[in-house]
Every structure is written in structure tokens, then in C-alpha cells.
Amino acid sequence: MEILNYAFMQRALIAALIVGVTAPAIGIYLVQRRQALMGDGIGHVALTGVGLGFLLNTSPIWVATAVAVAGSVVMELIRWYGKTRGDLALAMLFYGGMAGGVMLMNLSDAGSNANLGTYLFGSITTVSPQDMTTIYVLAALVLAITIGLRRQLFAVCQDEEFARVTGLPVRLLNLLVAVTAAVTVTVAMRVVGLLLVSALMVIPVAAAQQISRSFAVTFSVAVAIGVAVTLTGTATSYYVDVPSGATIVLFAIGLFIVFTGLAAPLAKKRAKAAAEASKGCTLEVSGGRTATDDVSVAG
């Protein structure tokens, strides 16, 4: 294949594969917590880290990771203690992160609108060997947490009160989910961009939920969808010369529509199978009463 003859496309496909696995792997927990847009907020904050990295002439990915992690911790603290003012504080954090990133990028000597666009919307063909090393390390951390602690994270995301009663460190695990989401955002920002990364966390999971009812199956199907759309979108962007991030997200939305169309027939099939199974589990009761069934009370 021609696409594999170029080193930059080899890196692009590997990066896409990694993001296709990691984004849904953490996204499933965010969806369970009803925090589907958390990745979008973290992306806004991470842009400040990108701008700071250019200003300090250091790796934007590592600085963005540090800033995104700090931002995710602040988000969790606001969620715990913010109460009625929490939404306003989060909005200020998100908008401030975006504005700070644009300002720092323009103040730096190496920054430009072109550089800003590659981080906002993704530019997978510009992934360098140094970026790949960072992506490998961060992705390994994300997978170790999302797979190694899947039972504990699922329990916390499904029912915090029950998890607390069973003795799980609920706040620590919630904080771990937020930090892992922040790391995933920085892993994916070169592939789909900071403004679109949340879509890759959420849409594959939403699509998988249309046809599966168990957590394990949903997890596996979501990851498969993530890998399929990232690889297909990357290859398409090369041959058609279109933005990789937008292409990947549009493919993901297309699969979501397809899976939604399959959901109704599958539900009918399951209902029919359940009805047939229930027919073989009927309890037979004898038809008539006998004289010995009567109860008499002595006067």
C-alpha cells in the first residue's frame, strides 16, 4: 500500500490506532457518569498548556498534559464543593483556558495561527517521532487504569453511594477518572484536535450502547468502533486531502446512525427470544380441588 511507504503516515496510523483505543476506553466511564462533555472542557483548558509550551520553548504535549491534569482536578473539586455556583465556575474555567491558550500562543516566538489550528482541529501528519514517544507513555498509563481498575471504576460511575458502602475510595477513583480523561485529551489532540476529542470519547460508546446491554460488550464494541473510525478517517484524509480530525468524527457519527438503525430490529429479536424462552418455563398446577383440600373449624 502506498500509504505505508511514508514514515509520517506510518506514525499517523499508529497514533490513530492508539487514540482509537484510549479515547473510548475512558469515554465509557464519562458516559456512565453523565459527563459526556467533560473531555470538551478539558480540551479548552489544555489549550493553555499548549500555548505555555510554545512560550517556554518546550514540549507542548507534556505541558498541556500537566495543565489539563491540574484543570481536571479543579473540575472535580468544583463538582464536589461548587453546588449552585459550580456551573458558572466551570464555564469560566473552560473559557479562560481557551482564551489563555490563544493569548500565550500569540505571545510566543514559535507560535502562530497555523500551529494553533493543528492543536485545535488536529493535524495527524505532523506527528513527530518525539510526539510518538509521549503518546506511547501516556496511552500505556490510560490503558493500565481503564482496564486494570475497570471493576472499581464501573462501580463508582454506576452508583457512587453503593460504591461508598462497599468501601471503595469514591473520591479518589472519581479524581482518577478525571485525570485519566485529561491525559487522554492530550494523547488525542494531535489526531482529532482539542475541539473534537470529546466526540471520539463519547460517540463510539453511544454507538456501542445501541446494540449491547453489558458493560464488557459495550467496552469492546466501543474500542472496535474507535479503532475503525480513526484508521479509516486517517487513510481517507490522506487520499482525499481533507482534515483528519473532522473526517474521523464524521465517520464516527455515521456509524452511530447505522447502529441506531440496527437497535430496533435487535431489540425485537431479543424480545421474541425472551418470549419463546419463557414458554418453556411454565408452571403446571392441578386443575381441581378435592374434598381433602377443605378446612373445617370446630364450633
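Residues numbered from 1 in each chain as written. Predicted model: local features only at pLDDT ≥ 70, side-chain atom pairs only at ≥ 80, totals over all residues. Heavy atoms only, no water.

An account of the packing of aromatic side chains is needed here, citing residue identities and associated values.
Overall, the coordinates contain six aromatic pairs when judged by the stated rule. Look at Phe154 and Phe215: their rings are 4.7 Å apart centre to centre, the planes differ by 50°, and that puts the pair in the tilted class. Of this pair, Phe154 sits in helix α7 (residues 150–158) while Phe215 is found in helix α11 (residues 215–240), placing the two residues 61 residues apart along the sequence. The class of Phe154 is partly exposed, set by a relative accessible area of 28%. Judged by its relative accessible area of 19%, Phe215 is buried. Each ring, one from Phe215 and one from Phe219, has its centre 6.2 Å from the other, and the planes form 45°; the classification is tilted. Taken together, the positions of Phe215 and Phe219, both in helix α11 and four residues apart, correspond to about one turn of that helix. Grouping aromatic residues by their ring pairs yields a cluster made of Tyr6, Phe8, Tyr238 and Tyr239. (Phe/Tyr/Trp six-rings, centres within 6.5 Å; stacked < 30°, edge-to-face > 60°. Helix = DSSP H or I, 4+ residues; strand = E, 2+ residues; numbered from the N terminus. Buried < 20%, exposed > 50% of the residue type's maximum accessible area, 1.4 Å probe, protein only.)

Just give me the short version of the nonpolar core, but keep the residues and values in it.
Counting 82 residues, the largest nonpolar core has Tyr29, Ile42, Val50 and Met201 as the members making the most contacts within it. Tallying contributions element by element places helix α1 (residues 7–32) first for this core, with 13 residues. (Core = buried A, V, L, I, M, F, W, Y, C linked by side-chain atoms within 4.5 Å.)

Describe the pattern of salt bridges, naming the residues involved and giving the relevant values.
Tallying each qualifying case throughout the model produces two salt bridges. Measuring nitrogen to oxygen at the nearest pair gives 2.9 Å for the salt bridge that ties Glu76 to Arg33. With Glu76 in helix α3 (residues 60–81) and Arg33 in the loop between α1 and α2 (38–55), this pair connects stretches of sequence that are 43 residues apart. Of the residues examined, Glu76 reaches a relative accessible area of 1% and is grouped as buried. Here Arg33 falls in the buried class, since its relative accessible area comes to 12%. Here Arg164 ties to Glu161 by a salt bridge, and the two come within 3.1 Å at their closest N and O atoms. Placement of the pair is Arg164 and Glu161 together in helix α8 (residues 160–165), with a separation of three residues, close to one helical turn. Take Arg164: its relative accessible area is 40%, and that puts it in the partly exposed class. (Salt bridge = Lys/Arg side-chain N within 4 Å of Asp/Glu carboxyl O.)

Tell me what's going on with a nonpolar patch on the surface, and back it up with residues and numbers.
A surface patch of nonpolar side chains, about 380 Å² in accessible area, is lined by Ile14, Trp62, Tyr136 and Val137. Along the chain, the position of Trp62 falls in helix α3. (Patch = residues over 30% accessible without salt bridge, like charges linked within 9 Å, V, L, I, M, F, W, Y side chains within 5 Å. Areas by Shrake-Rupley, 256 points an atom, 1.4 Å probe, with all protein chains shown as cover.)

An account of unusual backbone geometry is requested, with residue identities and associated values reported.
Although it is not a glycine, Asn57 adopts a positive phi angle of roughly 55°. Along the chain, Asn57 turns up in the loop between α2 and α3.

Coordinates in, geometry out; function isn't part of it.
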